[in-house]
Every structure is written in structure tokens, then in C-alpha cells.
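Inside the fold
Chain by chain, the residues:
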Amino acid sequence: MIIRTPTVVSVLILTALLLHAAPTCLAQDDASKLKEEVLALTGGRRAKIVWARIPPGGSRVEFVSGYWLKDKATKEKLAISIVGFDTNEGVERVIVEAPTGCNTPLITYDGSKVIYTDFSENTCYVVNWDGTGKRVLGTGKYRFAAAYWRDPSNGTEWVYYNLHYIQTGGHDGQMAVCDPSAVWTKKGDPCIVRRRLDGKGDYETVWDQSNCWYEFSLSADGTRAGGAFETWPNCQVANLKTGELEKYGIGCVPNFAPDDSGRFFYFVGSHASIEFLEAGKKNLRTIPLNFPKNGMRGNEAWPIRWSTDVRFVSVSGPWAQHTNWAPANVQLGRFNADFTAFEAWVTLTNTPDFLDAEPYMWVAPAPAQAPVNTAAPDTHSPAPVTPPAVATTKTDTPTEAGTLFNWPHGNWKETPAIAFDPDGKQIKDYMLTEQGYAHLGRRYQMVIRHGAFLAPGAAKYATAQVNASGNFGLAMMLTPDRSETPGLRQVFSLGDAGKKCFVIEQDKDSLRITYRTKDGKAVPIRVRLSGSSPMHLAVSAVPGEVVAFVDGKKAASLPVRDAQKAARQAGDWSGDAIVFGHGTEVTQPWQGEIESIVLTSRPIDASEAVKLCDAARARIAAQKEVPRVRVRARLTQRSEIIKPEVMTYSRGLALYEYEVQQVIEGQYTEKKIYVYHWVLMDKHLLPIVQRPIGEVCDLVLEPFEDHPQLQRDCQSNTLEGEDIELNHTLYLDIGS
């Protein structure tokens with residue numbers, strides 16, 4: 001690893017700022033080693049990297065209009081410069097002198113020019129790599145260059161502008177918009193436009209179907225784009241020809257592959273890993289950013305950007321959590337051949353007093369049939385991580401034809417619930433979203449705690465199919481509410497808030513299932529609960545019969561006269577909501593768990609009820625046992641909790657340190673214990689953030705590593721002292 005002292009760094013930066021576009025004066029040995037490392041990463045192919053270098057600021061820095069930074073005290077612009085590295089030169093060079101309000105620098109196809117936005121001047125520029133030839137590309141509403149694309153058919157170069165750029169964040173938590181007077185409001189209002197790099201011709205509208213937030217990345221053929229369209233943090237792919245949007249997940253900084261492979265990734269959780277999908281939203285997997293010496297543990301990175309070659313990325317990090325604009329460095333990574341892990345990293349910069357942000361990497365096109373040399377030496381990287389099990393959308397439902405909604409295991413938070421047509425062809429998928437205090441358990445089951453899981457868009461399709469067939473079926477594994485709260489508490493509903501077509505509610509030791517008939521009457525049946533253990537429920541409604549099965553056995557049915565009324569419902573169901581749990585407005589919420597969900601427009605007979613029950617129980621049985629410990633402990637330290645109005649994620653956990661006073665249950669021998677608590681849900685801070693230092697409490701805990709579903713959620717660790725995450729087992733509070 002290259003070591004550069006703060007004194008050397010200061011000299012280098014000062015020299016760079018004084019000598020416009022002159023290469024910085026790295027020691028010859030250091031420059032040679034760094035050049036060799038980058039070339040080893042790229043398999044010998046020339047590379048150029050450009051980034052913004054932000055000077056010391058720390059708590060003094062504030063956001064203004066995206067990435068234009070000011071000193072909080074003086075309100076003066078900070079001396080941000082645009083810096084580049086070329087393996088042909090082997091040293092850094094200042095391309096644009098400070099001060100500049102640089103944002104998202106890009107490199108053109110041949111590597112000769114840099115495109116960047118200067119928010120301090122409300123202008124977009126292009127400049128030669130050596131700093132000469134600076135030219136205005138756009139001003140005013142055309143100030144933000146969101147992407148660059150070269151048409152492979154004729155070589156024409158295009159710059160894409162986001163007219164309604166929106167970015168959350170900053171220490172004040174305010175929105176920053178490119179043009180506050182021109183926020184996108186309706187379809188047909190141009191959001192993304194493009195113009196030739198040479199300035200010839202007029203601006204052309206590329207996207208006018210929704211807003212687009214900060215990120216925008218194009219496929220090689222220019223027909224598709226990835227971004228945070230409509231509302232952040234939806235990560236979507238836009239078909240620029242048809243105007244269609246397809247949601248790929250929930251996260252941050254979505255990246256669409258620069259080739260035509262259709263690959264897609266985005267940050268999740270604390271930005272220490274990405275979720276990666278193949279074309280068509282297939283083979284979802286989580287890939288950790290395994291920086292040198294595991295530097296991402298307890299930290300985060302931002303942003304991450306695909307290079308001009310699909311095998312390479314650039315990213316700024318690691319950052320100290322919740323300390324915006326703290327020192328960070330440019331990291332260059334290489335995917336393995338299967339895109340299941342990062343197999344190599346190079347730390348390009350080492351500037352402890354500066355933040356090197358917004359890096360972008362250009363890699364010279366590979367010679368024909370010349371693969372990346374993955375055997376090249378890489379002194380910076382740890383051993384490649386073992387890729388996690390790949391989650392696919394293939395289901396194990398015994399019968400798929402006529403399935404309206406199938407969520408067998410929720411392998412990841414945004415694993416699609418799949419719909420099939422009457423012939424069993426997959427035709428739709430839906431993303432689940434959490435509301436209130438609902439979250440996923442370690443089996444990826446829905447844990448309902450004063451909230452719900454929603455399936456936007458699913459109800460309209462489901463009710464239409466039920467109307468067409470006259471049949472309805474539902475199956476789920478549920479763990480009943482263990483509380484003694486009196487009254488009915490909603491478990492599930494389908495339909496509008498004021499006119500629910502189908503509802504399941506718990507009333508102490510029984511379930512009430514209500515099926516609304518054509519004349520508006522609610523036809524209920526009751527099912528007795530046998531205890532608090534998970535039970536499998538299946539309900540089938542067909543002309544002449546409505547039956548409920550518990551654990552594969554018939555448990556209740558409607559009287560014949562009511563069943564005949566129910567049969568006349570065909571054509572009358574409607575609604576825009578499928579709700580698992582209940583909304584946050586209720587005072588007596590249902591607090592149980594739901595998993596292995598199937599909704600159908602066909603009957604579920606006794607044999608299928610048995611198969612569905614067996615499959616659901618097999619999934620539960622396949623889960624390994626997790627050691628649980630209960631301790632009495634005194635709180636000694638809390639991680640910093642960032643304000644909800646500043647936090648870009650709506651949910652988050654924080655690590656607390658406790659001094660163990662008594663082990664009540666299980667095995668634990670250390671004097672201190674480190675516990676993650678839920679501290680933020682739906683942008684609301686939970687009471688535990690007010691737990692005073694010194695308070696003694698009982699904790700029910702499980703190892704945090706046994707809860708992989710939490711990889712997607714923001715995790716705060718600002719505890720002082722040793723490298724806690726490397727030296728201690730971390731736990732999750734499951735009792736509060």
C-alpha cells in the first residue's frame with residue numbers, strides 16, 4: 001500500500017492548485033507503484049479517473065444546491081478542484097482549478113475531455129484533459145449534465161441534462177433542486193433532454209413520463225436508462241422508446257450497465273454493499289464492498305459509479321458514518337467474471353485531510369477477444385468473499401397457473417411477488433413496501449408491529465382476475481398475535497379502505513374471515529386458533545362453497561345459503577390495496593407474523609392446501625437454530641443518531657454498548673456486549689434513542705450476523721474505541 005504523510009499531501013495539493021492543469025509531483029516510486037496497480041487491475045489497459053477534491057471542512061461544510069459546498073461560518077465557496085489520473089502519466093493532475101462547485105464529472109468516449117457541472121456558476125462545461133479548451137455546454141435549466149453517450153451507429157456524442165434535478169441531503173436536510181421554479185409536475189413535461197456535445201442542433205426531449213432524481217445512466221444502445229425515477233428511493237429502469245418504467249428495487253445510486261447486458265445495481269443499507277441483478281431482474285444478490293483491509297466495516301461509501309467497462313467501478317469511501325464530507329478516498333474495483341463478488345481493489349488516493357468524491361473511471365476499449373487479466377497481482381485486496389446464495393424469482397408453489405400473488409419466502413426485502421396467467425406464464429411482479437413498524441424477520445417473514453406490508457399495484461390486477469373467474473383462494477403461514485388485546489385486529493385485507501372485499505381479523509383465540517358478496521353483505525366464518533405457534537391457513541371461495549383449511553385440514557365452511565350469495569360476487573370486486581397487517585392509524589394493531597403467501601383466482605382444494613402447508617413448514621424447518629441470549633446490562637455508549645429529516649433512508653439501526661451485569665439465559669462470557677437496536681422507522685425516531693447512559697435493562701438478543709435481512713437497512717456505528725465490528729460478536733435486540 002502507498003503511504004503518503006499529511007505533510008506530503010498538503011504539498012501536493014498546494015502545488016496542484018498553483019499549477020493549472022500540471023501533474024502533481026508524486027515521488028517517482030509512489031507514482032510508478034500506483035500506475036502498476038491500476039494497470040494490474042485493468043489487465044494492462046489504459047485508464048483515466050476523474051474526481052472532485054474537496055478541502056478540509058468536516059462540520060464546517062454545508063450543502064448548497066446539490067454539491068456546491070460552502071463554509072458554514074464564512075459562507076464562502078470552498079476550494080474544490082477537479083483532479084484526474086492517467087496511467088500514461090502515472091501521477092495526479094489538476095484539470096480544473098479551485099474553486100468550482102463540481103458535480104458528477106464524466107469522461108468522453110476517447111478519454112480526451114471531461115464534462116462537469118458547476119453549481120456555483122449554474123453552468124455545465126466541457127474541458128480538455130490537460131485543462132485547456134474550457135467551453136460552456138449549458139446554463140440555467142440546462143446546467144446539470146446527468147449523462148454522456150456516444151451513438152455507436154454514427155459516433156455522435158450527446159450530453160444528457162436533467163432539467164428537474166432533485167437531491168435530498170445536507171446537514172440542514174433540505175431539498176436541493178436544479179431549478180425550483182420548474183419542478184416536474186405532469187407527463188409530457190420534459191425532464192431529461194439531450195444535445196450534441198459539439199453544440200450543434202437543438203435540445204431533444206428524452207424522458208417526460210416522470211421526474212428523475214440525481215442518478216441517470218444509459219445502456220450502450222441508448223434505449224434504456226437506470227435512475228431514481230418518480231420518487232426516491234425507487235431504483236428503476238426506463239425504456240426511453242416506450243416510456244415504460246420498471247422497478248428493480250429500493251436503494252440508492254442506481255447504476256445501469258454501460259453495455260447492453262441489462263445488468264443493474266444500487267446501494268443498500270449503510271452503503272457498504274450493493275444489490276446486483278441480471279437483465280430482467282433475475283438472480284438478485286448482495287455484493288459487499290470488500291475494500292482493502294475490510295475498510296468498509298462500520299463505514300459507508302458514496303457514490304458508486306460504473307466505469308465505461310462493465311467489469312470496473314469507482315467509488316468514494318470509506319466515509320465515517322453520518323459525518324458528511326469527512327475525508328475519503330477514490331477506490332477502484334473489479335467484478336469477478338460472474339459478477340458475484342469484487343475480486344480486486346485499488347486505493348487510488350490517500351488524502352487524510354481531503355474528501356475525494358464523485359469519481360468516474362474511463363477504461364480504454366479492450367482489444368478484440370482480450371479478456372481482463374484476473375490473475376494480475378493485487379496487493380490491495382483481501383481474499384475474494386464467498387458470494388451469497390443467489391436469489392431468483394423461481395417459486396416452489398405446487399400450482400402456479402392462476403396465481404395472482406406469490407411471495408413464498410421473501411428472500412430479500414424487494415424480492416418480487418409473482419403473478420401468473422391462467423396457463424402458468426409469469427406476467428407480473430410486485431414489490432412489497434413497509435409501513436409503520438413492520439419489518440422482515442430473519443426468515444424474511446413479515447413481522448407486523450403497528451404497521452403493514454403493502455403491495456402497490458397488485459390489488460387492481462387481483463380483483464380483475466377474481467371477477468373474471470368467479471373464484472378466489474388465499475394461503476399463508478401466520479404466527480398469531482400473542483397479546484391478550486381484546487377486539488378485532490386486522491391480519492389481511494384486499495380492496496378499498498371503505499369497501500374491503502376480503503378481510504382476515506384476529507379476535508383473541510380465533511380468526512374471523514369475511515367475504516363480501518355482490519349485494520354488499522359481509523359473510524364471515526370463524527377459525528379457532530390452537531396456540532401461538534405458526535399455523536397454515538388456506539381459504540377457497542368458489543360458487544356454492546367457501547372453505548377454510550388449517551394446517552391442510554378442513555376447519556370451517558360457509559352455510560350453503562351464504563355460499564350461494566358469495567358465488568354471485570363475480571364482477572363486483574374492486575380495490576387498490578392489498579394489506580398484510582394494518583395501517584398505522586389503528587390503536588389496537590395486530591402484532592403477528594406472515595409468510596409463504598399465495599393468492600389465486602382459482603379454488604384451492606384439500607390436496608393443494610396440504611402441499612402448500614407442507615412447503616411452508618419445510619421452509620421454516622430448513623432454517624438453522626439461532627442461539628439466543630438474555631442479559632441484564634447497563635448502557636455505557638450509544639451511536640450517534642442522525643436526524644430523520646436528514647437521513648436519506650426511512651429505517652435504520654444503531655449500535656449501543658452495554659456492560660453486562662448478569663446473564664439470565666444462554667451463554668455469554670465477555671464483560672461488554674454490543675447491540676443493534678431499531679432506532680428509526682418510517683422516518684420516526686423510536687423511544688430507545690432517549691435511553692439514558694447508565695440505565696440498566698434486560699435485553700433479549702440474537703447474533704446480528706444471523707439476520708441477513710438487515711443488510712438492506714441503514715446501520716449506524718459511531719462508537720468510540722477499538723474496531724468493534726472486527727473484534728466482537730454483534731447482537732440484535734429482538735425483545736423491544
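In this text the structure is predicted, and so the values were computed from the model without any measurement.

Secondary structure assignment for the chain yields 6 helices and 54 strands. Of the contacts made within the chain by residues no fewer than 6 positions apart, 61% connect residues no fewer than 24 positions apart. For the chain, the computed accessible surface area is about 28,900 Å², with 49% contributed by carbon and sulfur atoms.

For the rest of this paragraph, the subject is the side chain of Thr 403. With respect to the element layout, Thr 403 can be found in strand β31 (residues 403-407). At 3.2 Å, the side chain of Thr 403 forms a polar contact with the side chain of Arg 602.

Turning to the nonpolar core, a few remarks are in order. Residues Ile 115, Phe 216, Phe 267, Ile 274 and Phe 335 are the most contacted members of the largest nonpolar core, which totals 79 residues. If we skip the residues at most four places from it in the chain, Phe 216 touches Ala 146, Ala 147, Tyr 160, Ile 192, Ala 225, Gly 226 and Phe 229. If you look at the next biggest cluster of nonpolar residues, it comprises 47 residues, including Met 446, Phe 453, Tyr 461 and Val 466.

As a further point, take the pairing of strand β5 (residues 92-96). Across the 5 residues that make up β5, a large majority, 5, are buried. With 4 bridges connecting them, strand β4 (residues 81-86) and β5 associate as antiparallel partners. Bridging from a neighbouring strand, Ile 82 pairs with Val 96 of β5. The loop that links β4 with its antiparallel partner β5 comprises 5 residues; one of these, Gly 90, has a positive phi angle of about 80°.

What follows deals with helix α5 (residues 606-621). Relative to the 22 Å expected for 16 residues at 1.5 Å per residue, α5 spans 22 Å between its end C-alpha atoms, a close match to the ideal helical length. All of the buried residues along α5 are Glu 608, Ala 609, Leu 612, Cys 613, Ala 615, Ala 616 and Arg 619. Projected down its long axis, α5 carries its buried residues within an arc of 165°, all on one side. Looking at the packing, one finds that the buried side of α5 touches β38 (472-479), β43 (535-542), β44 (545-550) and β47 (593-600).

Attention now moves to the environment of Leu 404. Mapped onto the elements, Leu 404 comes out in strand β31. A relative accessible area of 1% means that Leu 404 is categorised as buried. It is 9.4 Å that separates the C-alpha atoms of Leu 404 and Gly 473, two residues lying 69 residues apart in sequence.

As enumerated under the stated definition, the model contains 31 salt bridges in all. Its salt-bridge partner being Glu 343, residue Arg 334 comes within 2.8 Å of it at the nearest N-O pair. The burial state of Arg 334 is the same as that of Glu 343; both residues are buried. Salt-bridge contacts for Asp 698 lead to Arg 632; the nearest nitrogen and oxygen are separated by 2.6 Å. Residue Asp 698 is found in strand β52 (residues 696-703), and its partner Arg 632 is found in strand β48 (residues 629-638); the two are separated by 66 residues along the sequence.

This part covers the sheet that holds β4. One open sheet accounts for 4 strands, arranged β5-β4-β1-β30; its pairing is antiparallel. Strand pairing shows two members of the sheet lacking a second neighbour, β5 and β30 (355-363), which therefore form its edges. Here the average twist between neighbouring strands, direction ignored, is 25°.

Now for the confidence of the model for the chain. Scored by pLDDT, the chain comes out at a mean of 79, with 76% of its residues at no less than 70. Of all secondary-structure elements in the chain, the lowest mean pLDDT belongs to helix α1 (residues 6-18), at 30, while β52 reaches the highest, 97. Throughout residues 58-68 the model reports pLDDT below 50, and contacts reaching past four residues in sequence, or to other chains, amount to 43 contacts. In this model, residues 369-399 is a region of pLDDT below 50 whose contacts with residues beyond four sequence positions or in other chains number 68 contacts.

Under the counting rule described, the total for this entry stands at 26 aromatic pairs. Between Phe 216 and Phe 229 the ring centres are 6.4 Å apart and the planes differ by 80°, which places this aromatic pair in the edge-to-face class. Highlighted residues: Phe 216 in strand β16 (residues 212-218) and Phe 229 in strand β17 (residues 224-229), separated in sequence by 13 residues. Relative accessible area serves as the criterion here: at 0%, Phe 229 is assigned to the buried category. Aromatic rings pair up to connect Phe 265, Phe 276, Trp 306, Phe 335, Phe 339, Phe 342 and Trp 345 into one cluster. In this structure, Arg 194 is placed above the aromatic ring of Trp 158, and the distance from its NZ or CZ to the ring centre is 3.8 Å. A cation over an aromatic ring shows up here: Arg 263 above the ring of Phe 339, its NZ or CZ 4.0 Å from the ring centre.

Moving on, we come to the environment of Thr 185. Structurally, Thr 185 is set in the loop between β13 (176-177) and β14 (192-196). Since its relative accessible area comes to 61%, Thr 185 is described here as exposed. Sequence separation of Thr 185 and His 164 is 21 residues, and the distance between their C-alpha atoms is 9.8 Å.

Further remarks concern the sheet that holds strand β23 (residues 282-288). If you walk across this open sheet you meet the 4 strands as β20-β21-β22-β23, and the pairing is antiparallel. This sheet does not close on itself; its edge strands, each paired only once, are β20 (252-256) and β23. In this sheet, neighbouring strand axes are inclined to one another by 20° on average, regardless of whether the strands run parallel or antiparallel.

Another aspect to go through is the pairing of strand β1 (residues 47-54). Along β1, 8 of the 8 residues are buried, which leaves the element largely enclosed by surrounding structure. Where burial is concerned, the two faces of β1 agree: the one with Ala 47, Ile 49, Trp 51 and Arg 53 and the one with Lys 48, Val 50, Ala 52 and Ile 54 are both buried. Relative to β30, β1 runs antiparallel, the two being bridged by 7 bridges. By the bridge assignment for β30, Ala 52 is matched with Ala 357.

End to end, helix α3 (residues 458-469) covers 17 Å across 12 residues, agreeing with the expected 16 Å (1.5 Å per residue, within 8%). Of the residues making up α3, those classed as buried are Ala 458, Ala 459, Tyr 461, Ala 462, Thr 463, Val 466 and Asn 467. After α3 finishes, the residue Gly 470 shows a positive phi value of roughly 80°.

A few words on unusual backbone geometry. For the bond from Trp 302 to Pro 303, the omega torsion is -10°, close enough to zero to count as cis. Inspection of the secondary structure assignment puts Pro 303 in the loop between β24 (299-300) and β25 (304-306). Even without a glycine there, the phi angle at Lys 281 is positive, about 65°. On the secondary structure map, Lys 281 appears in the loop between β22 (273-278) and β23. In this structure, Asp 551 is a non-glycine residue whose phi angle is positive, near 50°. Within the secondary structure, Asp 551 is located in the loop between β44 and β45 (553-557). Accessibility expressed as a relative area gives 32% for Asp 551, which makes it partly exposed.

We now examine the environment of Ala 47. Turning to its location among the elements, Ala 47 is positioned in strand β1. Residue Ala 47 is classed as buried on the basis of its relative accessible area, which comes to 0%. Sequence spacing of Ala 47 and Phe 85 is 38 residues, and the spatial spacing of their C-alpha atoms is 8.1 Å. Among residues more than four places away in sequence, those in contact with Ala 47 are Val 38, Thr 42, Phe 85, Asp 86, Thr 87, Met 361 and Trp 362.

Scoring rules and cut-offs
- Residues numbered from 1 in each chain as written.
- Predicted model: local features only at pLDDT ≥ 70, side-chain atom pairs only at ≥ 80, totals over all residues.
- Heavy atoms only, no water.
- Helix = DSSP H or I, 4+ residues; strand = E, 2+ residues; numbered from the N terminus.
- Contact = heavy atoms within 4.5 Å.
- Areas by Shrake-Rupley, 256 points an atom, 1.4 Å probe, with all protein chains shown as cover.
- Polar contact = N/O pair within 3.5 Å; in protein donor to acceptor, adjacent residues only side chain to side chain.
- Core = buried A, V, L, I, M, F, W, Y, C linked by side-chain atoms within 4.5 Å.
- Buried < 20%, exposed > 50% of the residue type's maximum accessible area, 1.4 Å probe, protein only.
- Pairing = 2+ DSSP bridges.
- Expected span 1.5 Å × (residues − 1).
- Arc of directions from axis to C-beta.
- Salt bridge = Lys/Arg side-chain N within 4 Å of Asp/Glu carboxyl O.
- Axes fitted to C-alpha atoms, helices over the stretch in contact; angles between N-to-C directions.
- pLDDT = per-residue confidence, 0-100.
- Phe/Tyr/Trp six-rings, centres within 6.5 Å; stacked < 30°, edge-to-face > 60°.
- Lys NZ or Arg CZ within 6 Å of the ring centre and 35° of its normal.

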